[in-house]
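Residue-level structure breakdown
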Amino acid sequence: FKEISGRNPVIVVAKKIDLLPKGVGEARLRAWVNKEISLKKFQDFISIELISSKTGYGIEKLMNSINKYLPPTGFVYVDGSSNSGKSTFINKVI
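Residues numbered from 1 in each chain as written. Predicted model: local features only at pLDDT ≥ 70, side-chain atom pairs only at ≥ 80, totals over all residues. Heavy atoms only, no water.

Regarding the overall build of the protein
- Scanning the protein from terminus to terminus reveals four helices and two strands.
- Reading the secondary structure of the protein in the N-to-C direction produces α-β-α-β-α-α.
- Against the globule reference of 12 Å for 94 residues, the protein gives a C-alpha radius of gyration of 13 Å, in line with a compact fold.
- The C-alpha extent of the protein, read off along each of the three principal axes, is 40 × 35 × 25 Å.
- Within the span of the protein, comprising 94 residues, buried residues form 27% of the whole.
- Of the roughly 7,000 Å² of accessible surface on the protein, a fraction of 55% belongs to carbon and sulfur atoms. (Helix = DSSP H or I, 4+ residues; strand = E, 2+ residues; numbered from the N terminus. Rg over C-alpha atoms; globule rule 2.2 N^0.38 Å. Buried < 20%, exposed > 50% of the residue type's maximum accessible area, 1.4 Å probe, protein only. Areas by Shrake-Rupley, 256 points an atom, 1.4 Å probe, with all protein chains shown as cover.)

And the structure:
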């Protein structure tokens, strides 16, 4: 992450939470994401946001976080694997 983000603020976003099994709550998912990030030795992130581009869940909270930490002349980068929902997310936001 550091090679990409440099000294810029990073918000980690877990998408497609509408596909989680019923027994998996937000706290459990946040703990798992945090653990996975820590295993990759990346700890310089602002927050973990959980969203569903399909239902719109968490989008407003994510946008508030982006607006809070993004400098006026800053950019937002969306990164992820192929078919991970990047375009769906961008379309939902704009």
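Structure's up, so let's keep going.
Notes on the nonpolar core
- One finds Val10, Val12, Ala14, Ile17, Leu29, Val33, Ile37, Phe42, Phe45, Ile48 and Leu50 forming the largest nonpolar core, which totals 11 residues.
- At the level of secondary structure, the elements contributing two or more residues to this core comprise strand E1 (11-14), helix H2 (26-39) and strand E2 (47-50).
- No other element matches the three residues that H2 contributes to this core.
- With residues near it in sequence (within four places) discarded, valine 12 still touches Val33, Ile37, Phe45, Ser47, Ile48 and Glu49.
- Formed by five residues, the second largest nonpolar core is a distinct cluster that contains Ile51, Ile59, Leu62 and Phe89. (Core = buried A, V, L, I, M, F, W, Y, C linked by side-chain atoms within 4.5 Å. Contact = heavy atoms within 4.5 Å.)

Concerning the side chain of serine 84
- Summarising the element assignment, serine 84 is placed in the loop between helix H3 (59-69) and helix H4 (86-93).
- For serine 84, a relative accessible area of 18% translates into the label buried.
- Within polar-contact distance, the side chain of serine 84 engages the backbone oxygen of serine 81 at 2.8 Å.
- Excluding anything up to four places from it in sequence, serine 84 contacts Lys15 and Lys16. (Polar contact = N/O pair within 3.5 Å; in protein donor to acceptor, adjacent residues only side chain to side chain.)

Scope: geometric values only; no functional claims are made or implied.
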